[in-house]
Amino acid sequence: MTSKIFAFCVKKLLTKITFIPVTLLAIGANTNASFAQAAKMYNPLPLPSTYEVSDSLTDTDIPTGQGGFARDYMVKLNKGENLAIDLSSDSFDSIITLLGPNGSTIAENDDGPDGSSNSLLFTRINETGSYVVRVRSFGETGVGAFKLKVTRLQPMK
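Residues numbered from 1 in each chain as written. Predicted model: local features only at pLDDT ≥ 70, side-chain atom pairs only at ≥ 80, totals over all residues. Heavy atoms only, no water.

Next up on the list: the sheet that holds strand β10 (residues 144-153). In a beta sheet, neighbouring strands are held together by backbone hydrogen bonds and run either parallel or antiparallel to one another. Taken together, 4 strands build an open sheet; the order of strands is β2-β10-β5-β8 and the sheet is antiparallel. Of all strands in the sheet, those with a lone pairing partner are β2 (52-57) and β8 (119-124), marking the two edges. The sheet shows a mean angle of 20° between the axes of neighbouring strands, direction not considered. Bridge count between strand β5 (residues 82-88) and β8: 6 bridges; the pairing is antiparallel. Bridge pairing links Ala 84 to Phe 122 in β8. (Pairing = 2+ DSSP bridges. Helix = DSSP H or I, 4+ residues; strand = E, 2+ residues; numbered from the N terminus. Axes fitted to C-alpha atoms, helices over the stretch in contact; angles between N-to-C directions.)

Listed below in structure tokens is the structure:
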């Protein structure tokens, strides 16, 4: 008698349960984990309110795929602003890149006008938004201390 009651209860229970294929559960779990992991892995540092930073590029920063490393700084910029971005280092050959709100490269400079391996970039902002200033070393030139300065240029009167 108890096995008939058990079978009846199981049958009733199964009609009320929605089955989700295991593969869909795995895909959903992997997608959520991937988004969470990506959010943890990439967080550009906020550029201080002085728009200047003395920092160090290390081998724990973003690998460039060319043997070097990069470090990103987030800065809010407004349409129409003219900028000078200065990056200097005695430790590595520097490259400065400005990435737009959509991630595209707005401007880049390898060597400044003084003939050194420091970088100096001039650009005009065409869209208000959050930009990334990327500090990186050229090729396998290494890691070490650097100074970054973003200057908002004012028109002369």
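This brings us to the pattern of salt bridges. Within the structure shown, the criterion is met by 5 salt bridges. Here Arg 71 and Asp 61 are joined by a salt bridge, their closest N and O atoms 2.9 Å apart. Linking Arg 71 in strand β4 (residues 69-77) with Asp 61 in the loop between β2 and β3 (62-63), this pair joins segments that are 10 residues apart in sequence. Here Arg 71 falls in the buried class, since its relative accessible area comes to 14%. Given a relative accessible area of 16%, Asp 61 falls into the buried group. Between Asp 72 and Arg 134 there is a salt bridge, and its shortest N-O distance comes to 2.7 Å. (Salt bridge = Lys/Arg side-chain N within 4 Å of Asp/Glu carboxyl O. Buried < 20%, exposed > 50% of the residue type's maximum accessible area, 1.4 Å probe, protein only.)

Turning our attention to the layout of surface pockets. Volume-wise, the largest pocket comes out at about 190 Å³. Met 41, Tyr 42, Asn 43, Pro 44, Leu 45, Asp 61, Ile 62, Ala 70, Arg 71 and Asp 72 are the residues that line the largest pocket. In terms of residues, the lining of the largest pocket owes the most to one element, β4, which gives 3 residues. Grouping the constituent residues of the lining of the largest pocket by class yields 6 nonpolar, 1 polar and 3 charged. (1 Å grid on protein atoms, 1.4 Å probe; cavity = no way out; pocket = protein on both sides within 12 Å on 5 of 7 lines; lining within 4 Å. Points joined across faces, edges and corners; volume = space filled by probe spheres on them. Nonpolar A, V, L, I, M, F, W, Y, C, P; charged D, E, K, R; others polar.)

From the geometry alone we can't say anything about function, so treat these as descriptive.
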